[in-house]
Amino acid sequence: QVQLVESGGGLVQAGGSLRLSCAASGRTFRDLAMGWFRQAPGKEREFVARISSNGANTYYADSMKGRFTISRDNAKNTVYLQMNSLKPEDTAVYYCAADIFYSGSYYSTKEYEYWGQGTQVTVSS
């Protein structure tokens, strides 16, 4: 079992920044690839970013490239999502997820075995 707890969400004006954190417990963190997803009201959950277990490889959705940065600190069992130049369309609940057994679809929700409860990000215009 893996427990994931997100934090850092909130209300920010367009153009602003937020840093989300996700603390993991229950399994050796360095064995886990980690991802961030988001879900806006009435929409499906969508891929945001992924980082490999050792942090060497990162992947982003096209609309987030250059604005969002995923990182991790294996000593703190934490993954981060730095979000800059936020737009109102970034408003969503943001979820972190853990992937133990990679099957090749890093952008799919089905790839990830464990999920956090989510943190709300609201970007005002």
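Scroll up a little and you will see the structure.
Just so you know, these numbers come straight off a predicted model, no measurement behind them.

Participant: Where do I start with the overall build of the protein in this structure?
Facilitator: A tally of regular secondary structure across the protein gives zero helices and eleven strands. Each helix (α) and strand (β) of the protein, taken in turn from the N terminus, gives the series β-β-β-β-β-β-β-β-β-β-β. Since a compact globule built from 125 residues should have a radius of gyration of about 14 Å, the 13 Å found for the protein is in line with a globular shape. Taking all 125 residues of the protein together, the buried fraction comes to 45%. Summarising the internal contacts of the protein: among those between residues at least 6 apart in sequence, 57% fall at separations of at least 24. Put simply, the protein shows about 6400 Å² of open surface, and 45% of that area lies on carbon and sulfur atoms. The centroid of the 13 positive side-chain charges in the protein is displaced by 3 Å from the centroid of its 11 negative side-chain charges.

Cut-offs used in this document
- Residues numbered from 1 in each chain as written.
- Predicted model: local features only at pLDDT ≥ 70, side-chain atom pairs only at ≥ 80, totals over all residues.
- Heavy atoms only, no water.
- Helix = DSSP H or I, 4+ residues; strand = E, 2+ residues; numbered from the N terminus.
- Rg over C-alpha atoms; globule rule 2.2 N^0.38 Å.
- Buried < 20%, exposed > 50% of the residue type's maximum accessible area, 1.4 Å probe, protein only.
- Contact = heavy atoms within 4.5 Å.
- Areas by Shrake-Rupley, 256 points an atom, 1.4 Å probe, with all protein chains shown as cover.
- Lys, Arg positive; Asp, Glu negative; His and termini not counted.
- Charge placed at Lys NZ, Arg CZ, Asp CG, Glu CD.

Shape is all these values report; function is a separate question.
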